[in-house]
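Residue-level listing of the chains:
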Amino acid sequence: MTDHIEQSQPMNDNPEPNRPPEFEIIRTERFRPKFAGFWTRFWAYVIDLLIVSSISGIFIKPIFRVLDIKISNPSFLLFSPYKVTLLILFLGYFAFMTKMAGQTVGKMILGIKVVRQDGGKLTWGTILFREVIGRFISKLLTIPYLLVIFMPKKEALHDLFADTYVVHEQAFEKEVIESKQERKGEELHAGTIV
């Protein structure tokens, strides 16, 4: 996440006014994209499910009916050929859209996108872990989606797998970072403040 503005301000925390401080506190302010919360991501997911269901109803279901392949009554481990095809469509939609645009149609509508933690470009490896393996596990168990509520940076399980965040495109948060910097000997004698 490279979109940030930094401002530094030295602070003097010296309890004795006649004695120069031995260190100063540097306060850095930066603005980073705001993490997308549970409800924003939930509604984007609902929109995406409607799109995948529409594609299934318009294209997949008619093909199965024409070929006379059963759509219900899964036979092996609760997966029928139709369910497997839907799963491939579901995972393919999320993987392709996230790789090509960094966001699905639902995320586009709500103004959020997927970014890597290191700010780099989304790779196919990242997409594989996030949108295929992570999302498959999340879809089977449902509970991993709820991690967004409790994680400090609002990550779901598939975000943790791939080291990604979901952020707002146009909203930023102010972040203040304080660090101590030791003053050098000549600065202490001269009494200058850096």
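Before reading on, note that the structure itself is shown above.
In this text, all values refer to a predicted model and were calculated from it rather than measured experimentally.

Chemist: Help me understand the overall build of the protein chain in this model?
Modeler: The helix and strand inventory of the protein chain stands at 7 helices and 4 strands. Shown N-terminal to C-terminal, the secondary structure of the protein chain runs as helices and strands in the order β-β-α-α-α-β-α-α-α-β-α. Looking at the protein chain as a whole, 34% of its 194 residues are labelled buried. The long-range fraction of contacts in the protein chain, counting pairs at least 24 apart against all pairs at least 6 apart in sequence, stands at 69%. Looking at the protein chain as shown, the accessible area adds up to about 12,200 Å², and 63% of this sits on carbon and sulfur atoms.

Chemist: How should I be thinking about helix 4 (residues 124-141) in this particular structure?
Modeler: Helical periodicity: at 3.6 residues per turn, an α-helix aligns residues three or four positions apart in one direction. With 18 residues, helix 4 ought to run about 26 Å at 1.5 Å a step, and its terminal C-alpha atoms sit 24 Å apart, in line with that. The sharpest bend along helix 4 reaches about 35° and sits at Arg 135. Those residues of helix 4 not exposed but buried are Thr 126, Ile 127, Arg 130, Glu 131, Gly 134, Arg 135 and Ser 138. Looking at the buried side of helix 4, the elements it contacts are helix 1 (38-66), helix 2 (81-101), helix 3 (105-110), strand 3 (112-116), helix 6 (157-162) and strand 4 (164-182). Looking one or two residues beyond helix 4, the residue adopting positive phi is Thr 142, at roughly 65°.

Chemist: Sorry, what's going on with the pairing of strand 3 here?
Modeler: Regular strands place side chains that alternate from one sheet face to the opposite one. In terms of burial, strand 3 is a largely internal element, 4 of the 5 residues being buried. Direction of pairing for strand 3 relative to strand 4: antiparallel, over a ladder of 5 bridges. Bridge pairing in strand 4 places Lys 113 opposite Val 167.

Chemist: Explain the environment of His 168 to me, please; I cannot follow it from the model alone.
Modeler: Position of His 168 among the secondary structure elements: in strand 4. The residues contacting His 168, other than those within four sequence positions of it, are Pro 33, Lys 34, Phe 35, Ala 36, Thr 40, Gly 111 and Ile 112.

Chemist: Got a minute to help me understand the packing of helix 1 against helix 2 in this structure?
Modeler: When two helices pack together, their arrangement is given by the angle between the helix axes and the distance between those axes. In contact at an axis separation of 10 Å, helix 1 and helix 2 are set at 135° when each is read in the N-to-C sense. On the basis of the axis angle, helix 1 is oblique to helix 2. As helix 1 packs across helix 2, the resulting crossing turns out to be right-handed. Judged by residue contacts, Tyr 45, Asp 48, Leu 49, Ile 51, Val 52, Ile 55, Ser 56, Ile 60, Lys 61 and Phe 64 of helix 1 engage Pro 81, Tyr 82, Thr 85, Leu 86, Leu 89, Phe 90, Tyr 93 and Phe 94 from helix 2. For the contact of helix 1 with helix 2, a count of residues per class yields 14 nonpolar, 2 polar and 2 charged.

Chemist: So what exactly am I meant to see when it comes to the pattern of salt bridges here?
Modeler: Pairing between side chains becomes possible if they bear opposite charge and their charged atoms approach one another. Considering all chains together, one arrives at 7 salt bridges under this definition. Residue Arg 41 is joined to Asp 159 by a salt bridge in which the shortest nitrogen-to-oxygen separation is 2.7 Å. A residue pair is termed long-range when its members are at least 10 positions apart, and Arg 41 in helix 1 and Asp 159 in helix 6 qualify at 118 residues. By relative accessible area, Arg 41 is classed as buried at 12%. The partner of Glu 131 in a salt bridge is Arg 130, and the shortest N-O contact between them spans 2.3 Å. For the pair Glu 131 and Arg 130, a shared accessibility class is recorded, and that class is buried.

Thresholds, definitions, all that
- Each chain carries its own residue numbering, running from 1 in the written order of its sequence.
- Where local features are concerned, this predicted model is filtered to residues with pLDDT of at least 70; where side-chain atom pairs are given and counted, the filter is 80 or more; whole-chain, interface and lining totals use all residues.
- Each side-chain value is worked out from all heavy atoms of the structure, with water and hydrogens disregarded.
- Strands are runs of DSSP state E lasting at least two residues, helices are runs of H or I lasting at least four, and both sets are numbered from the N terminus onward.
- Exposure classes here rest on a 1.4 Å probe applied to the protein chains alone. A residue is buried below 20% of its type maximum, exposed above 50%, and partly exposed in between.
- Residue contacts are counted whenever heavy atoms from the two residues lie within 4.5 Å of one another.
- Working definition of accessibility: Shrake-Rupley area with a 1.4 Å probe, residue cover restricted to the visible protein chains.
- The span one expects for a helix is its residue count, reduced by one, times 1.5 Å.
- To get the bend at a given residue, fit one axis to the seven residues ending there, fit another to the seven starting there, and take the angle between those axes.
- Pairing between strands is defined by DSSP: at least two bridges between them are needed.
- Structural elements are reduced to axes, namely lines fitted to C-alpha atoms, with helices fitted over the stretch in contact, and the angle between N-to-C directions of any two is expressed from 0 to 180 degrees.
- Orientation categories follow fixed angle ranges, with anything under 35 degrees roughly parallel, anything over 145 roughly antiparallel, 65 to 115 roughly perpendicular, and all other angles oblique.
- Should the near helix be turned anticlockwise from the far one by less than a right angle, the crossing is termed left-handed; should it be turned clockwise, right-handed.
- Three classes are used: nonpolar for Ala, Val, Leu, Ile, Met, Phe, Trp, Tyr, Cys and Pro, charged for Asp, Glu, Lys and Arg, and polar for all others, with Gly counted as polar.
- The working definition used for a salt bridge is a side-chain nitrogen of Lys or Arg within 4 Å of a carboxyl oxygen of Asp or Glu.

By themselves, these observations are geometric and do not establish any function.
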